Amino acid sequence: MSSLLSGICSDSAPNYGIALVDRLTKSTLGIPTADTDLQPEKLKENFGVALHELYLLKIKLQEKTSVLEAKCREDERTFRMTMQRLRSDLSVLHDQFNKLDTQVHMVSGKLVILGDQLERESLPRKRIEEARDLILEFYKFLGAGGGTFATAAMNSQGDENQVLEAATRIKNLSALCLELPDDERFLAAKQRVTVANLDLETLLLERFRTSCGNGNTDVMKRIADVLLTSKSHSTCAEIVIEETLKSINPRNINFKEVTQRIVAAEKDIMAVFSRPEGVLMQLINSLFSTKFKPYLDSRIEPSSPVDVYLSNLYTEYQK
């Protein structure tokens, strides 16, 4: 029987029932021999035990399945309740955020309006205070000793900020003097303001030259901005050009070094002047007229033969 069942298993697809019968038969017969006979009672008993074990396993599986199904249903119910609660909370938060956003916009609008009102209120007051300070400073120039800024102008060791502030105030005083009539009451004060203005501009130009030599473009820009409406502003450009070209020897020009120097000067000019294009044009014109032209004139004679002239010109071009 065992060989018959094995043949059936080999000829068809796997059959777990036949495999079980084969296993039970072997456990009934023991080690198969030619003298071994089939014991139906033992086989029936083994079948009964196996079926009972399968029944117990089925019950256990059903119990576990029921527990898992109940847990899944409970988890699903909890998940749905949690999602519903989160949706409700999200809706509440969304409404609160909209209310808060509306309140923020309202407060921002009120702050803007309040800021405009404060600015309109404080601007005239600020201008009145500036006018008052300017009049008081001009009143000092009416005396024989001059104003405080006139004294600051004569102090070459004064603080940088003080000198720049003094120059700004003197510019305002100069503008005020233009509005005053030319009579004996203000003539002496106007002269003192003019002298103080010239002294301050001279001092600022000295500071500008020193800062240019040190590469301090921040101070240079502040001074150039103060002198923007003055005739001395063009002197600032001349100082930059002079300091840039002073170390270039027209008899022995190193074009690579000249290029590097011009590039560095361009960066400084762009950082210092509000209209750098004009200063750059002056720099290039001065470079060609004071450095390149004497250099080329000393090496290329216009009266030389054409072939010599062109050969020398080509040699200089290769440099």
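Residues numbered from 1 in each chain as written. Predicted model: local features only at pLDDT ≥ 70, side-chain atom pairs only at ≥ 80, totals over all residues. Heavy atoms only, no water.

Together, V107, L111, L114 and L118 line one region of the surface with nonpolar side chains, adding up to about 370 Å² of accessible area. For L114, the position within the fold is in helix α3 (residues 40-141). (Patch = residues over 30% accessible without salt bridge, like charges linked within 9 Å, V, L, I, M, F, W, Y side chains within 5 Å. Areas by Shrake-Rupley, 256 points an atom, 1.4 Å probe, with all protein chains shown as cover. Salt bridge = Lys/Arg side-chain N within 4 Å of Asp/Glu carboxyl O. Helix = DSSP H or I, 4+ residues; strand = E, 2+ residues; numbered from the N terminus.)

Another point: the confidence of the model for the chain. Here the chain averages 78 in pLDDT, and 82% of its residues register 70 or above. Within the chain, helix α1 (residues 2-11) has the poorest average pLDDT of any element, 42, and helix α8 (residues 232-245) the best, 91. Below a pLDDT of 50 lies the segment residues 1-11, which in the model reaches 10 contacts outside its immediate sequence neighbourhood of four places, other chains included. (pLDDT = per-residue confidence, 0-100. Contact = heavy atoms within 4.5 Å.)

Before going further, it helps to examine the packing of helix α7 (residues 217-226) against helix α9 (residues 255-272). Packed helix pairs are specified by the crossing angle of their axes together with the interaxial distance, meaning the distance between the axes. At their nearest, the axes of α7 and α9 sit 8 Å apart, and the two run at 45 degrees to each other. Accordingly, the angle class assigned to the pair α7 and α9 is oblique. Between α7 and α9 lies a crossing whose hand is right-handed. Contacts between α7 and α9 involve T217, M220, K221, A224 and D225 from the former and D268, A271 and V272 from the latter. Class assignment for the residues of the contact of α7 with α9 results in 4 nonpolar, 1 polar and 3 charged. (Axes fitted to C-alpha atoms, helices over the stretch in contact; angles between N-to-C directions. Parallel < 35°, antiparallel > 145°, perpendicular 65-115°, else oblique. Left-handed = near helix turned anticlockwise from the far one by under 90°. Nonpolar A, V, L, I, M, F, W, Y, C, P; charged D, E, K, R; others polar.)

This part takes up the state of the cysteines. Applying the stated criterion to the full structure yields 0 disulfides. As a non-bridged cysteine, C212 has C236 as the owner of its nearest cysteine sulfur, 9.7 Å distant. What makes C212 buried here is its relative accessible area of 17%. (Disulfide = S-S within 2.5 Å. Buried < 20%, exposed > 50% of the residue type's maximum accessible area, 1.4 Å probe, protein only.)

Below, the discussion takes up the packing of helix α6 (residues 184-214) against α7. At a minimum axis separation of 9 Å, α6 and α7 run at an interaxial angle of 150 degrees. Of the possible angle classes, the one that applies to α6 and α7 is roughly antiparallel. Every pair of crossing elements has a handedness; the one defined by α6 and α7 is left-handed. Facing α6, whose interface residues are L204, R207, F208, S211 and C212, α7 presents V219, M220, I223, A224 and V226. Partitioned by chemical class, the residues of the contact of α6 with α7 number 8 nonpolar, 1 polar and 1 charged.

Working note: α-helix, 3.6 residues per turn, so residues spaced by three or four point in the same direction. The end-to-end C-alpha distance of α6 is 46 Å, a good match for the 45 Å that 31 residues give at a rise of 1.5 Å each. Following α6 by one or two positions, G215 adopts a phi angle in the positive range, close to 75 degrees. (Expected span 1.5 Å × (residues − 1).)

The next thing to look at is the packing of aromatic side chains. Under the criterion given, the structure shown has 4 aromatic pairs. Each ring, one from F255 and one from F292, has its centre 5.6 Å from the other, and the planes form 40 degrees; the classification is tilted. Linking F255 in helix α9 with F292 in helix α10 (residues 276-299), this pair joins segments that are 37 residues apart in sequence. You can call F255 partly exposed: its relative accessible area is 23%. (Phe/Tyr/Trp six-rings, centres within 6.5 Å; stacked < 30°, edge-to-face > 60°.)

Moving on, we get to the environment of F292. You can call F292 buried: its relative accessible area is 12%. Put simply, F292 and P250 are 42 residues apart on the chain and 6.6 Å apart in space, counted from C-alpha to C-alpha.

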